[in-house]
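A structural walkthrough
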Amino acid sequence: MIFVGSLLAGVIGALVGLGGGIMVVPMLTIIFGFPIPFAIGVSIISVIATSSGAAVAYLRDHLTNIRIGMFLEIGTTLGAISGAFVAGLLAPNLLGVIFGIILIVSAAPLIFKIGEELPQNVSNDSWARTLNLASSYPDHKLGREVPYQVTRTPFGLAMMYIAGLISGLLGIGSGTFKVIAMDTIMRLPLKVSTTTSNLMIGVTAAASAGIYFSRGNIPPLIAAPVALGVLAGALLGARLLLHMSNKILRIIFVPVIIIAALEMILHGLGIGSF
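Residues numbered from 1 in each chain as written. Predicted model: local features only at pLDDT ≥ 70, side-chain atom pairs only at ≥ 80, totals over all residues. Heavy atoms only, no water.

Observations concerning the confidence of the model for the protein
Of all residues in the protein, 92% attain a pLDDT of 70 or more, and the chain-wide mean is 83. The element-level mean pLDDT for the protein is lowest in helix 5 (residues 92–112), coming to 74, with helix 6 (residues 126–131) highest at 95. (pLDDT = per-residue confidence, 0-100. Helix = DSSP H or I, 4+ residues; strand = E, 2+ residues; numbered from the N terminus.)

Quick look at the pattern of salt bridges
Inspection of every chain in the model, using the stated rule, returns four salt bridges. Of the charged contacts in the structure, one is a salt bridge between Asp61 and Arg60, with a shortest N-O distance of 3.9 Å. For Asp61, a relative accessible area of 14% corresponds to the buried category. A salt bridge links Lys191 to Asp139; the shortest N-O distance between them is 3.3 Å. (Salt bridge = Lys/Arg side-chain N within 4 Å of Asp/Glu carboxyl O. Buried < 20%, exposed > 50% of the residue type's maximum accessible area, 1.4 Å probe, protein only.)

A short note on the side chain of Thr195
For Thr195, the position within the fold is in helix 9 (residues 190–214). Given a relative accessible area of 0%, Thr195 falls into the buried group. A distance of 3.2 Å separates a polar side-chain atom of Thr195 from the backbone oxygen of Leu63. At 2.8 Å, the side chain of Thr195 forms a polar contact with the backbone oxygen of Lys191. The residues contacting Thr195, other than those within four sequence positions of it, are Tyr58, Leu63, Thr64 and Leu241. (Polar contact = N/O pair within 3.5 Å; in protein donor to acceptor, adjacent residues only side chain to side chain. Contact = heavy atoms within 4.5 Å.)

Structure, rendered in C-alpha cells:
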C-alpha cells in the first residue's frame, strides 16, 4: 500500500516539479499512522528519488534549463543558510501560517492564467541576455520547438532566496515557490518551470538528507518502498509530461499548490497530523 501510494506521489511530483513529499507526508501520517519525524525524513528521500528519476528524462528530452536552475540555486542556497541562522530567533509556527497564506495569494495569478498555453510578449532582460538564459524546448503536444525568453530575472532570484529561507526556517520543501517564481515572475513556459524546479529540489533535499539519517528519522523499511514507488512514478510522470499541454499542467498544479499551502498553515497551527 505504501508503494502504491508512493507511485502516485511520484507521478504528481514529477509533473508539477514539487517532489513527492507533499503527498508522502500526509499519506504516512494520516493513513499509516507513522510519527511526523519519520514521515518528514522519508519525504526527503522521496524528493531525491523524484528529482533523480525525472531529471534524467527531462535532461535527455531538453526540457530542463540547466543555466537557469544553477543560477537560481545561488538564491536558494543563500536563503537556506540565512534561514538556518535565524531559525532560533523567530517563531516557526507563525511563519508557517504566514507563508501558507502568501502561497495561496501567489497562486492567484496562476488561476487567472489557467488557460494559457505559452507566455506572450516576453522579452529578455539585461540579466537574461548577459547570462544567456533564454532557450527553447521540444513540445511534443504542439509538435514543434518552442523558443522562450526570460524577464525580471533579479525578482526571480529574490523569490528563490525567499524559497530557500522558508526551507531553512521551517524544514519543508519550497518547490511551489520555485515554480511560481519561474512561471509568474520570470515568465517561463510551465513545462520548463516544473522540470527546472524538479532538478533544483533534488540538490536541496540531498544536502539535508544526511542530517535526517543521522537522527534516525529515515527508517529503511519505510524509506525503501517509498523510494521505489516514487522513483517508478517519477519516470512515468516524466513520460506523461511530454504528451500533456501546459494548460492541463496548470489544472493539476493549482490544486496541488492549495494543498501545499493548507499543509503549511495546519503545520504552523499545530492542527492534525501535518
